[in-house]
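# Overview (structure and organization)
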Amino acid sequence: MLTIGAFAKASRLSPKALRLYDELELLRPDRVDPDTGYRYYAVEQLERARLVAWLRRLGMPLARIRQVCALRPADAAREIRAYWARVEVETAERRDLAAFLVDQLISAPRKDTTMLELRYCAHSDRGRVRPANQDTAYAGTRLLAVADGYGPAGGPASSAAVAALRFLDTDELPAGHVLNLLEEAVQGATEAVRDAAHGTEEDAGTTLTALLWTGSRLALIHIGDSRAYLLRDGALFRITDDHTVVQSLIDEGRLTPEEATSHPQRMLLLKALSSAAPATPDLRLQDAAPGDRYLLCSDGLSRVVPDARIRHLLASAPAADTAVHALIDAANEAGGPDNVSCVVADVVEAAA
């Protein structure tokens, strides 16, 4: 028998990693001392431990490693080959995203006098299962927003959150840095959500994803699991991160994206505008270019329509309103299990 320290050294896995793998039932110790709780491992377990270490070096998520370790060698080899093929595809996608972000960060400010504007459309649909619509979608000259309410006052909460931002949808923005304006507006939205949920015994709240147009850039505010996408030069980029339990598990490598789709906590939010504790939204600026197409959507779309299908529908629709209705139709054709809201906005050169 090997102590956990000796086994860690022989397998090139840290004691901390071994304790985690024990908790996940990926690599259980051969014996645990009933008095001290100290872990002991059999020499025969080194082969599996080394396989786990190698797969982690490949970047394979722990949930998938557990599946591979349960297979016969030939089947495990096929699974590793399939995993690496998928990594190569995702690496190419991340390469494109990295190039996009680098370009965003180092590109010089626009020096031409071309005026840009938005062409937009917003629509919200109850779906085919839910008895009521708790989503709110809005599109105006400057403001684009989607909110997805939950709880007994979810509908009023989403409406209140968007309404609290609508003072920004004016010909001239109030003086001040745009991100500071958004941050202040979110504080007002939080208070509006609490007022809307006042008197309900259960927690109620809403997600909120919004873009504020400044004339050449878009300021993003995001909290929850509604999403913002950018279609640029035929490539689709998701520019928000889901604030959910399953996304945190994916980020930690404990869950695969495929497993997340059926996870029992897939709809559990880590952050939202709610009547409970306050939460901090994501805020950032996004440079715009002629030809960009932006999509804001509730999870009623993203949970049932794959990103590849979203990209195709956005790229093939001739106008924003056509794209919105095509996306909502796709969600309902996939069963429409939730309310679905979409805002699509095109960045175009303004008419002289």
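What comes next concerns the included structure. Because the structure is predicted, anything quoted here is derived from the model rather than measured.

Calculation rules
- Residues numbered from 1 in each chain as written.
- Predicted model: local features only at pLDDT ≥ 70, side-chain atom pairs only at ≥ 80, totals over all residues.
- Heavy atoms only, no water.
- Pairing = 2+ DSSP bridges.
- Helix = DSSP H or I, 4+ residues; strand = E, 2+ residues; numbered from the N terminus.
- Axes fitted to C-alpha atoms, helices over the stretch in contact; angles between N-to-C directions.
- Buried < 20%, exposed > 50% of the residue type's maximum accessible area, 1.4 Å probe, protein only.
- Contact = heavy atoms within 4.5 Å.
- Parallel < 35°, antiparallel > 145°, perpendicular 65-115°, else oblique.
- Nonpolar A, V, L, I, M, F, W, Y, C, P; charged D, E, K, R; others polar.
- Core = buried A, V, L, I, M, F, W, Y, C linked by side-chain atoms within 4.5 Å.

### Describing the sheet that holds strand E3 (residues 39–41)
A sheet is described by the order of its strands in space; here three strands give the open sequence E1-E3-E2, paired in antiparallel fashion. Looking at strand neighbours, the two that pair on one side only are strand E1 (2–3) and strand E2 (31–32), the edges of this open sheet. Sheet topology note: the E1/E3 ladder contains two bridges and is antiparallel. Bridging across to E3, Leu2 finds its partner in Tyr41.

### What about the sheet that holds strand E15 (residues 340–349)?
The strand order across the open sheet built from five strands is E4-E15-E14-E10-E11, with neighbouring strands paired in antiparallel fashion. Whereas interior strands pair on both sides, the edge strands pair on one side only; in this sheet they are strand E4 (116–125) and strand E11 (235–238). Taken pair by pair, the neighbouring strands of this sheet meet at an average axis angle of 20°, ignoring direction. Pairing between E4 and E15: 10 bridges, direction antiparallel.

### Remarks on helix H6 (residues 154–163)
Burial analysis of H6 places seven of its 10 residues in the buried class, which makes it a mostly covered element. Three or more residues of H6 are buried, namely Gly154, Gly155, Ala157, Ser158, Ala160, Ala161 and Val162. Packing partners of the buried residues in H6 comprise strand E5 (135–139), strand E6 (143–150), helix H7 (178–197), strand E7 (205–206), strand E8 (208–213) and strand E12 (273–274).

### Here's the deal with the packing of helix H1 (residues 4–11) against helix H2 (residues 15–23)
Across the interface, H1 lies against H2 with an axial gap of 9 Å and an inter-helix angle of 100°. Our classification of the angle between H1 and H2 gives roughly perpendicular. Where H1 approaches H2, its residues Ile4, Phe7 and Ala8 are matched on the opposing element by Pro15, Leu18 and Arg19. Counted by class, the contact of H1 with H2 contains five nonpolar, no polar and one charged residues.

### Some points on the nonpolar core
Counting residues in each nonpolar core, the largest one holds 25 residues, and the members touching the most others are Leu208, Leu212 and Leu273. Mapped by element, the contributors of at least two residues to this core are E6, H6, H7, E8 and strand E9 (217–223). Top element by residues in this core is H7. It accounts for eight residues. Counting residues in each nonpolar core, the second largest holds 24 residues, with Leu13, Leu27, Leu46 and Leu55 among its members.

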